[in-house]
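Understanding the architecture of this molecule
Here is what each chain is made of, one letter per residue.
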Amino acid sequence: MKILITGAGGQIGHDLIGALVAAGHDLTSTDLAPRPPSHAHAGGTWHRLDVTDAVAVRDLFYEVQPELVFHLAAILSARGEQDPKLAYDVNQTGTWNVLEACRKGKVARLVFTSSIAVFGPTPSGPLPDPTPDDVPLHPTTMYGVTKVSGELLCSYYRQRHGVDCRGVRFPGLISAAMPGGGSSDYALFMYVDAVRKGGYEAFARADTRIPLMYMPDAVRALLELAFAARGRLSRAIYNIAAFSPRADQIASSVQRVVPDAKFSYSPDPARQAILDSWPKSLDDSAARRDWAWQPKYDLDGMTDDLIPRIKRMLELGAILSSH
Ligand code: AKB
């Protein structure tokens, strides 16, 4: 199948490209930046694309004529608070441009990547734990605001224009590829820095608890949702969940494999406030029911798989030595 990815240079793109090429798809990866060295061997073709440029998006969609698009391009929560205008342009205008290009180019299906950042404390109190799909959405970040809007646009184009837009709300994602400007990044750096530096001072409190997921499960969720029959889907956007450990539980899990790793906690007020506004865990029963979603990795399963991968990538020089 002809598939196009936006924002392919990021953390999800790294693993999604490999999975799509391995499955034999005809893949066009796009990003504002050139293909990063960490993506060099992933396969498929690479095009520069600025999703804020409506004409460029439309022209490339006409040229490639994808049957399926994965829209990953986004500015994440922490970076988006430093530059809300950039987050608005990339996430809001970019999603509009991609949906319009799908409509005009008659792209059959679009997979939208939303986030737990759509949630925030509601006027009537804290979020229920676990948080279901349908609660009032009160995001606290520009990233979350634009993801709520993207979800609504997705449903609108589905009903009004027949673009089969569907998506998942991702937890914080953990993999051996570097993230870019997220508030959940502390969890990933607890792994990477335990291996490369012998420890990590987290920018979150020890009792911080948010939904997290290992990247192989996240990529499988995207593929399963992308190829699910439309008739099975009772909604456009789904919560998906794997595990929800406290930061100090992540530390204990890492220390099972790297016993000398030292962790300390020095909360950054801005990122801690974002983390505290998110759900502690998600209710993903609709995804489990409609398209048989099920995570394979729990916290310790991820730790056992990820740490040897990080060691290999450090040996190959595929992870930078500082951040
Ligand atoms: C972020 O931290 O902004 C992202 C997310 C949870 O969507 N990783």
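Residues numbered from 1 in each chain as written. Predicted model: local features only at pLDDT ≥ 70, side-chain atom pairs only at ≥ 80, totals over all residues. Heavy atoms only, no water.

**Brief notes about the side chain of Thr28**
As a reminder, the rule being used: Put simply, DSSP H or I for four residues or longer makes a helix, DSSP E for two residues or longer makes a strand, and each gets a number counted from the N terminus. Each residue is placed in one exposure class: buried if its accessible area under a 1.4 Å probe, protein chains only, is under 20% of its type's maximum, exposed if it is over 50%, and partly exposed if it falls in between. Here, two residues are considered to be in contact whenever any of their heavy atoms come within 4.5 Å of each other.
Structurally, Thr28 is set in strand E2 (residues 26-31). Residue classification places Thr28 among the buried residues on the basis of a relative accessible area of 6%. With residues near it in sequence (within four places) discarded, Thr28 still touches Ile3, Leu4, Ile5, Thr45, His47 and Val64.

**Brief notes about the site of the ligand**
Our working rule: By convention in these notes, a residue is near a molecule or strand provided one of its non-hydrogen atoms lies within 4 Å of it. Here a polar contact is taken to be a pair of N or O atoms separated by no more than 3.5 Å, where protein atoms must pair a possible hydrogen donor with a possible acceptor and residues adjacent in sequence count only if both atoms sit in side chains. Only the protein chains shown count as covering a residue, and every accessible area follows the Shrake-Rupley method with a 1.4 Å probe. Under the convention adopted here, Pro, Cys and the residues Ala, Val, Leu, Ile, Met, Phe, Trp and Tyr are nonpolar, Asp, Glu, Lys and Arg are charged, and Gly plus all remaining residues are polar.
Near the ligand you find Leu76, Ser77, Ser115, Ile116, Tyr143, Gly182, Ser183, Ser184 and Trp278, and these make up its full shell. At 2.6 Å from an oxygen atom of the ligand is found a side-chain nitrogen or oxygen belonging to Ser77. Within the side chain of Ser115, an N or O atom sits 2.7 Å from an oxygen atom of the ligand. In isolation the ligand offers 260 Å² of accessible surface; the protein chains occlude 93% of this area. Classifying every residue of the shell around the ligand by side-chain character gives 4 nonpolar, 5 polar and no charged.

**Notes on the packing of helix H6 (residues 185-196) against helix H11 (residues 299-315)**
Here is the rule: Axis angles are defined between N-to-C directions and span 0 to 180 degrees, where every axis is a line fitted to C-alpha atoms and, for a helix, only to the segment in contact. An angle counts as roughly parallel when it lies under 35 degrees, as roughly antiparallel when it exceeds 145, as roughly perpendicular when it falls between 65 and 115, and as oblique in every other case. Less than a right angle of anticlockwise turn of the near helix away from the far helix marks a crossing as left-handed, whereas a clockwise turn marks it as right-handed.
Between H6 and H11, whose axes approach to 10 Å, the crossing angle comes to 50°. Accordingly, the angle class assigned to the pair H6 and H11 is oblique. The handedness of the crossing between H6 and H11 comes out as right-handed. Taking contact as the criterion, the partners of Tyr191, Val192, Val195 and Arg196 in H6 are, on H11, Leu299, Met302, Thr303, Leu306, Ile307, Ile310, Lys311 and Leu314.

**As for the pattern of salt bridges**
Let me state the cut-off plainly: We define a salt bridge as a contact between a side-chain nitrogen of Lys or Arg and a carboxyl oxygen of Asp or Glu at a distance within 4 Å.
Under the definition given, this model contains 23 salt bridges. One salt bridge connects Asp129 with Arg209, and the closest N-O pair in it is separated by 3.3 Å. Taken together, the residues span a long stretch of sequence, with Asp129 in the loop between strand E5 (109-115) and helix H5 (142-161) and Arg209 in the loop between strand E8 (199-202) and strand E9 (212-214) at a distance of 80 residues. Assessed through its relative accessible area of 43%, Asp129 is described here as partly exposed. We classify Arg209 as partly exposed; its relative accessible area is 25%. Of the charged contacts in the structure, one is a salt bridge between Glu224 and Arg220, with a shortest N-O distance of 2.9 Å. Here Glu224 pairs with Arg220, and both are found in helix H7 (residues 215-226), just 4 residues apart, close to one helical turn. Taking relative accessible area as the criterion, Arg220 reaches 18% and is therefore assigned buried. Among the charged side chains, a network of salt bridges with common partners joins Arg109, Arg158, Asp164 and Arg166.

**Some thoughts on the packing of aromatic side chains**
In this description, a pair of aromatic rings is defined by centroid distance and the angle of the planes. Put simply, the rule is: Put simply, two rings from Phe, Tyr or Trp (the six-membered ring, in Trp's case) pair if the centres are within 6.5 Å, and we call them stacked under 30 degrees between planes, edge-to-face over 60, tilted for the rest. The criterion for a charge sitting over a ring is simple: Lys NZ or Arg CZ within 6 Å of the ring centre, and within 35 degrees of the ring normal.
By the definition in use, this model includes 7 aromatic pairs. With a centroid separation of 6.1 Å and 35° between ring planes, the pair formed by Phe189 and Tyr200 is classed as tilted. In this pair, Phe189 sits in helix H6 while Tyr200 sits in strand E8, placing the two residues 11 residues apart along the sequence. The burial state of Phe189 is the same as that of Tyr200; both residues are buried. On the numbers, 4.8 Å between centres and 85° between planes, the contact of Tyr214 with Tyr297 is edge-to-face. Note that Tyr214 is positioned in strand E9 and Tyr297 in the loop between helix H10 (285-291) and H11, a separation of 83 residues in sequence. A residue is classified by how much of its surface remains accessible, and Tyr297, at 24% relative accessible area, is partly exposed. One aromatic cluster is present, formed by Trp96, Tyr156 and Tyr157 through successive ring pairs. In this structure, Arg271 is placed above the aromatic ring of Phe203, and the distance from its NZ or CZ to the ring centre is 3.7 Å.

**Describing the sheet that holds strand E1 (residues 2-6)**
Keep this limit in mind: When DSSP finds two or more bridges between two strands, those strands count as paired.
The sheet built from 7 strands is open, its strands ordered E3-E2-E1-E4-E5-E6-E10 with parallel pairing. Pairing within the sheet leaves two strands with one partner each, and these edge strands are strand E3 (45-48) and strand E10 (237-239). Taken pair by pair, the neighbouring strands of this sheet meet at an average axis angle of 20°, ignoring direction. When E2 meets E3, the two strands line up parallel, connected through 4 bridges. Within the sheet, the bridge partner assigned to Ser29 lies in E3 and is Trp46. Each of E1, E2, E3 and strand E4 (68-71) touches helix H2 (residues 54-64); the most contacted strand, E1, lies at about 160° to it.

Coordinates in, geometry out; function isn't part of it.
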